[in-house]
Amino acid sequence: MTLVRANELRRFNAGEREFAFLVPSSIVVELDGEVRSILDRLSDGPKHVGELASSKEAIEALRELASLGAVSRDGAPDVPLAELASPPVPPPLSTIVLNVTNSCNLSCRYCYEYGEDRLESPAAPQIMDEETARRAVDTLIAESGHNRRLQVTFFGGETLLNFKVIRPTVEYARRRAAEEGKFIDFSLTTNATLLTREISQWLADNRIGVTVSIDGPRDVQDSMRVFGRGLGSYDVVAPRIKELLSIYKTRPIGARVTLTAKTIDVPRIFHHLIDEMGFYEVGFAPVTSSSGLDYAIDGEGFDILLAQFADLAERYVDAAIDGRYLGFSNLSDVLGEIHKGVSKAYPCGAGLGLLGVAPGGEIGLCHRFAGSGDHDFGDVHTGVDSAKRSEHLVKGHLDHRTDCRTCWVRSLCSGGCYHEAQVRYGDRFRPNLHYCDWIRAWTSLALEAYTRILVGNPAFLERFDERKVA
Ligand code: SF4
Ligand code: SF4
């Protein structure tokens, strides 16, 4: 008779109710009735089917658990990751990130473009020309296969230093996409120093997704985000952001905060950006890649960060149960992945559906790698190097990351950012082991938040049926 075993899962409670996170498939299920009874009986080892399912309800529950990957026939291989089933033929592209310039009018100390986290010594300033931007769009379309919805993201340096190329590129991309029966969405990240009324109006008229890089209130912003001679940028950006937010009402505008050990005050930063400035949501990007720098978050800094994120998550859950959205995008991103049962074989889209393009047209794994020599994946003038992409997909697969294979958050984390690993360990395929404890603790917190919302106001989670909070 067939022996059945339970696959890896983590059980936890939300109020009176019990849930399980199914590790290989990244799905959250409620444990009640026959489902709980079957998993209880499997907790001390495999059992025969007859011992587990003697009633019609129990058979149904066992089938359901098997279809979710929570149980398997004993001896069957672990639940395979999606990408394992097929050879690593690079999938069609959906996103291209154009580094329209590597120049910037700010000199933020932590910037990977100019700071210690740059992969090579600073390159000579370069500005992408219109022809290169058009070729990048052509490359995206040519490599997009069956994907009908595509994304072009403008990045820098400071993107608005090259606004004169962004504008015609959007027009060109729209025309080309229409000719091919596709749709392109655009987004742009800016430090806001060069925003004018005309640019803000253009962004609004063209529904370009905007993320503003800003670190918080004046003292926080001015401690790291400074002009060349050390002058703070807050007083330059604040009125421009205010104008942007007053003009652009039809799409949510987010702030991206680079969080350092010197500025780690999540509640105050969040309050300023959401309540005082009026951003829709805020995402925090902690600087963790280089060790030994006085602004990098490490050791005790991770504990502080987790406690601050936990407080904000608490507020998020309360608001969600009340039917309101609190714009803490770090939590929204994980909730969205949990809700959809995302099971990753790769940490991010870099090299998968996304590539970056340097100002000169060199193609890299993502915007942070583009133009950094060894990591180039071709050129927009000669085409994408598919062999390099395949090689990357083989080496980057979760199954080749020994340290991650037994980690319970592997299907959500999958090793972490390649760029951080390259900077920290000199090898992009090394898992980012310096923050694993933090990732696991943060994922636990997010799972708890997810189930509390599931119990308190399940309708709130419907927003994650589609990709992003809006
Ligand atoms: S938390 Fe660490 S061990 Fe776990 S998947 Fe991420 S990088 Fe790998
Ligand atoms: S490698 Fe890192 S920086 Fe690049 S897309 Fe992935 S997560 Fe982002």
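Residues numbered from 1 in each chain as written. Chains lettered and ligands numbered in written order. Predicted model: local features only at pLDDT ≥ 70, side-chain atom pairs only at ≥ 80, totals over all residues. Heavy atoms only, no water.

Further remarks concern the overall build of the chain. For the chain, the helix and strand inventory stands at 15 helices and 16 strands. Against the globule reference of 23 Å for 470 residues, the chain gives a C-alpha radius of gyration of 23 Å, in line with a compact fold. Principal-axis analysis of the C-alpha atoms gives the chain an extent of 75 × 50 × 45 Å. A burial count over the chain gives 54% of its 470 residues as buried. Considering only contacts within the chain whose residues lie at least 6 apart along the sequence, 71% involve residues at least 24 apart. As presented, the chain carries roughly 20300 Å² of accessible surface, and 50% of it is formed by carbon and sulfur atoms. Measuring between centres, the 53 positive side-chain charges of the chain sit 3 Å from its 65 negative side-chain charges. (Helix = DSSP H or I, 4+ residues; strand = E, 2+ residues; numbered from the N terminus. Rg over C-alpha atoms; globule rule 2.2 N^0.38 Å. Buried < 20%, exposed > 50% of the residue type's maximum accessible area, 1.4 Å probe, protein only. Contact = heavy atoms within 4.5 Å. Areas by Shrake-Rupley, 256 points an atom, 1.4 Å probe, with all protein chains shown as cover. Lys, Arg positive; Asp, Glu negative; His and termini not counted. Charge placed at Lys NZ, Arg CZ, Asp CG, Glu CD.)

Right, let's get into the site of ligand 1. Around ligand 1, the neighbouring residues are Asp 403, Cys 404, Cys 407, Val 409, Arg 410, Cys 413, Ser 414, Gly 415, Pro 431, Cys 436, Ile 439 and Arg 440. Residue assignment for the shell around ligand 1 shows that the elements contributing at least two residues are α13 (410-413) and α15 (436-456). Looking at the shell around ligand 1, the element that brings in the most residues is α15, giving three residues. (Near = heavy atom within 4 Å.)

What follows covers helix α1 (residues 33-42). Three or more residues of α1 are buried, namely Val 35, Ile 38, Leu 39 and Leu 42. End-on, the buried residues of α1 take up no more than an arc of 95°, which puts them together on one face. (Arc of directions from axis to C-beta.)

Around ligand 2, a shell composed of Cys 348, Ala 350, Cys 366, Arg 368, Cys 417, Tyr 418 and His 419 is seen. For the shell around ligand 2, the class distribution of residues is five nonpolar, one polar and one charged. (Nonpolar A, V, L, I, M, F, W, Y, C, P; charged D, E, K, R; others polar.)

Moving on to the sheet that holds strand β5 (residues 47-48). Spatial ordering of the open sheet is given by β5-β1-β6, a layout of three strands whose pairing is antiparallel. The sheet terminates laterally at β5 and β6 (71-73), the two strands that pair on one side only. When strand β1 (residues 3-6) meets β5, the two strands line up antiparallel, connected through two bridges. From the neighbouring strand, Val 4 faces β5, where its bridge partner is Lys 47. Those strands touched by α1 are β1, β5 and β6, and its axis lies near 95° from that of β1. (Pairing = 2+ DSSP bridges. Axes fitted to C-alpha atoms, helices over the stretch in contact; angles between N-to-C directions.)

With antiparallel pairing, three strands are arranged side by side in an open sheet as β2-β3-β4. Because the sheet does not close on itself, it has two edges, and the strands there are β2 (9-14) and β4 (27-31). The sheet shows a mean angle of 30° between the axes of neighbouring strands, taken without regard to direction. Examined bridge by bridge, strand β3 (residues 17-22) and β4 share five bridges and lie antiparallel to one another. Each residue of the ladder has a partner; that of Phe 21, found in β4, is Val 28. Sitting on the sheet, α15 is in contact with β2, β3 and β4, with an inclination near 50° to β2.

Counting residues in hydrophobic clusters, the biggest one holds 114 residues, and the most contacted among them are Leu 98, Leu 203, Phe 279, Phe 284 and Tyr 316. Top contributing element to this core by residue count: helix α10 (residues 300-321), with 10 residues. Apart from residues lying up to four places away in sequence, Phe 284 is in contact with Val 257, Leu 259, Val 266, Ile 269, Phe 270, Phe 309, Leu 312, Phe 328 and Asn 330. Counting residues in hydrophobic clusters, the runner-up holds 17 residues, among them Ala 53, Ala 58, Leu 62 and Leu 65. (Core = buried A, V, L, I, M, F, W, Y, C linked by side-chain atoms within 4.5 Å.)

This part covers the packing of aromatic side chains. Under the definition given, this model contains 16 aromatic pairs. Here the aromatic rings of Phe 309 and Phe 328 are separated by 5.1 Å at their centres, their planes lie at 80°, and the arrangement is edge-to-face. Of this pair, Phe 309 sits in helix α10 while Phe 328 sits in the loop between α10 and α11 (329-340), and the two are 19 residues apart along the sequence. Of the two residues examined, Phe 309 and Phe 328, each falls in the buried class. When the centroid spacing of 6.3 Å and the interplanar angle of 70° are considered together, the rings of Phe 460 and Phe 464 count as edge-to-face. On the basis of relative accessibility, which here comes to 3%, the residue Phe 460 falls in the buried class. Residue Phe 464 is classed as buried on the basis of its relative accessible area of 1%. (Phe/Tyr/Trp six-rings, centres within 6.5 Å; stacked < 30°, edge-to-face > 60°.)

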